[in-house]
Every structure is written in C-alpha cells, then in structure tokens.
Amino acid sequence: MRILITGAAGFLGSHLCDRLIADGHEVVGMDNFITGSPDNLAHLAGNSHFEFIRHDVSNFIFVPGRVEAVMHFASPASPNPASPFGYVNLPIQTMKAGALGTHNTLGVARAHGARFLLASTSEIYGDPLVHPQTEDYWGHVDPIGVRSVYDEAKRFAEALTMAYHRFHGIDTRIVRIFNTYGPRMRLDDGRVVPNLLQQALRGEPLTVYGDGMQTRSFCFVSDLVDGIVRLLLSDEHEPVNIGNPTETSILEFAETINRLLSSPAGVVFQPENRLGSDPQRRRPDISRARQSLGWQPRVDLEKGLLETIAYFRQKLGVN
Ligand code: NAD
Ligand code: UDP
C-alpha cells in the first residue's frame, strides 16, 4: 500500500513509518514539527519508499498520487503543563489537530477510497470509574477540565470517524492507545518516562507527583506498533484498546527505574501538578485485541526500559 501517516516525525509515527516500510509499503509522512522532530526521520532520507510533506493537518490536505491507507497520528500528546510541548500549553492546536485534522484526513481517505485509522487514546475514558477499561465503557471526562482540549478532541475524532464509516461507508479503524514508551520519546515533553529516566541518568531523585499510588500500564513501542499494524490489516471497525495490561503504581515504576540504573538518589514527592486532573487508575482490557487481532504484548517492562535507557544515554551523552 501507499500509506499517508500524519504525525510521522513524532515518537509513534516515526516507528510506524519504519515498520510499514520494512513490511514493503510506501509511506508518505506528514508533520509540522510542533512537538516532533526531523531527527526521528533522518535515517529515512533517501529511502525510495519514503516521502515527506511538511504540512499542518488543520489545513486542507492534498496528497498527489494514489493513497491506499491514511493513519492519523498528528496531535500533541503530553499532558504535562510544565512542558511547552504539553497539550495544556498548545490547547487550540490540539483541538484543531483532533477536530479539523481528523476531518481533513478522513477527506483524504474518502477522495482516494483509502482505509483510515485514527490514533485515539485511553484518555477518552477520562478518570475512569470502571477498571480495567473495556471498549464499551463510555468514560468519565470533564468537558471543560484542563485535559478536555485533548480528551474531547479525541472523542470528537472518534465520533467523526464513525460518522464517515456509517454515512460515507469509509473503511475505518480506531485504536485507543494506552501509555506507550520507547526510543524517540521527546526528552522534554514532561511525560513520566522521559522525566524519570533523565533524572535517574543524572543521579537526581525521581519526581513522583502526588503520593505515587496512581497507576498506569506501560506498553513498549514495538508491541504497540505491531497491534496497530494488525488492526490496519483487519476488518475491525469498532475501537480497539492497544496497551499492556500489566499495571504498576507510579511509585513502583520510579523504584524500578532506580533499581535498573543503580541510582542511589531515591524519589522526591511533589504536589500533583495536573491541576487536579491526574487519572488515578488506568489499565486496558485487551480481550478485543486478543480475539479479533490475535495480539498481545510481548516485551516486559524491564526489557523495554533497558532499550529506552540506551536511547536516552545516547541522546544525553552520558554513560
Ligand atoms: P508526538 O508528540 O511524539 O507525535 C505527534 C506528532 O504530531 C509530532 O511529530 C507533531 O509535530 C505532529 N503534529 C501535531 N500537530 C500537528 C499538526 N497540526 N499538523 C501536522 N503535524 C502535527 O506524540 P506521540 O506520543 O507519538 O503521539 C502520537 C499520536 O498517538 C497522537 O495522536 C497521540 O494522541 C496518540 N497517543 C499516544 C500515546 C502515547 O503513549 N505515546 C497514548 C495515547 C495516544
Ligand atoms: N508523573 C510523575 N512524575 C513525573 C511525570 C509524571 O509522577 O515527573 C506521573 C503523572 O502524575 C501521572 C503518571 O506519572 O500520574 C503518567 O504521566 P504522563 O505524563 O506520562 O501521562 P498520562 O498517563 O498522565 O497521560
């Protein structure tokens, strides 16, 4: 296939480009670098199966030539208000990427008769009252909370995707991505993995927000990409959770990092900096992905963290 991937210069988008090119597809990457970096695509320069278009997906999109699949990944993705790359500090761009960007990319799919895959998120469940989260849970989202610019944009994006599927017959898929980590995460976007790894590599104490009892379930990027490719090739039109169901508290997660890096500095508790909006528990129910895609994660946390640490060492120039 010839596949348009928006958000191609980002963490997930760049790994998707690599995987799909390795599988023999042609990729047209699109990005405006608002949170991504050309460095993530530098190794693809000169690859005859890769083209790049610098463009903001909030504006009308024109892709010359054939397109058989569109994968919409463009959006700021970090919730941390302490980072200039957090969506709280890019609120209008985030809503436009989710709303106008989804409309424009669905338009490309319709014009080319291409299949469409939306990168949605576990955030559409908000601060969930159901645990673990199944795809039929409708969520618990504050429509005007600080996270709403992201959560509601993604909820709108899902609704628009289903509208194009039901009304225009577009061949759509929706992946609800849970916390994912790995090489090419932006060092300064404030998400927990880059924050804590950098602190540990510098011998500083790890900042744990709140009491650290809030939980997340961390999926390594190669597992996530494998689930997404399976979904793209499937006939599943309902949303599918892709994530690792192994749940850990943030405090345990910080202690694992300190142990792996033999870092003696410990942790330091900081007031919750999410303006009262930090989801307390998050774990995907992946029954649908297992049944309809034959997918489950394979990389355990320690192995994934060691690969990620190697990347951060290289980026930071530390041993
Ligand atoms: P990222 O910030 O590394 O990548 C996003 C990319 O989109 C960046 O390269 C950015 O420059 C680009 N972009 C943003 N707005 C754009 C616009 N208007 N026009 C063109 N390009 C634009 O983030 P990521 O972690 O790779 O996330 C990718 C997608 O996956 C996002 O849609 C995000 O919501 C979703 N997601 C990620 C996670 C995760 O754990 N990483 C979890 C849930 C959902
Ligand atoms: N967190 C933390 N210390 C940090 C950064 C994040 O304790 O330096 C916590 C944050 O409060 C949240 C979890 O780690 O409970 C995951 O945060 P992240 O920004 O990675 O993404 P989220 O899962 O909230 O979307």
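The shown structure was predicted, so the numbers you read here are calculated from the model rather than taken from an experiment.

A. Expanded view of the layout of surface pockets. Reported here for the second largest pocket is a volume of approximately 330 Å³. Considering the residues around the second largest pocket, the lining is formed by 15 residues, among which I124, W138, E158, R176 and P239 are closest to the centre. For the lining of the second largest pocket, the secondary-structure elements that each account for two or more residues are α3 (148-168) and β6 (172-177). Per element, the largest residue contribution to the lining of the second largest pocket is 5 residues, and it comes from α3. Split into classes, the residues belonging to the lining of the second largest pocket amount to 7 nonpolar, no polar and 8 charged.

B. Inspection of the site of ligand 1 at higher detail. Lining the immediate environment of ligand 1, one finds 29 residues, of which L12, D31, T35, Y150 and K154 sit closest. Within the contact set of ligand 1, an oxygen atom lies 3.5 Å away from a backbone nitrogen or oxygen of F33. In this structure, T180 approaches ligand 1 through a main-chain N or O atom, which is 2.9 Å from an oxygen atom. Along the lines of polarity and charge, the residues of the shell around ligand 1 split into 13 nonpolar, 12 polar and 4 charged.

C. Examining the pattern of salt bridges more closely. Enumeration over the complete set of coordinates arrives at 21 salt bridges. Across the pair R191 and D189 runs a salt bridge whose closest N-O atoms are separated by 2.9 Å. R283 serves as the salt-bridge partner of E247, at 3.1 Å between the closest nitrogen and oxygen. Remark: R283 occurs in the loop between β13 (267-270) and α7 (287-293) and E247 occurs in strand β12 (residues 247-249); sequence separation between them is 36 residues. Given the relative accessible area of 24%, E247 is considered partly exposed. Members of the salt-bridge network, linked through shared partners, are E123, R147, R216, D278 and R282.

Criteria and thresholds
Residues numbered from 1 in each chain as written. Chains lettered and ligands numbered in written order. Predicted model: local features only at pLDDT ≥ 70, side-chain atom pairs only at ≥ 80, totals over all residues. Heavy atoms only, no water. 1 Å grid on protein atoms, 1.4 Å probe; cavity = no way out; pocket = protein on both sides within 12 Å on 5 of 7 lines; lining within 4 Å. Points joined across faces, edges and corners; volume = space filled by probe spheres on them. Helix = DSSP H or I, 4+ residues; strand = E, 2+ residues; numbered from the N terminus. Nonpolar A, V, L, I, M, F, W, Y, C, P; charged D, E, K, R; others polar. Near = heavy atom within 4 Å. Polar contact = N/O pair within 3.5 Å; in protein donor to acceptor, adjacent residues only side chain to side chain. Salt bridge = Lys/Arg side-chain N within 4 Å of Asp/Glu carboxyl O. Buried < 20%, exposed > 50% of the residue type's maximum accessible area, 1.4 Å probe, protein only.

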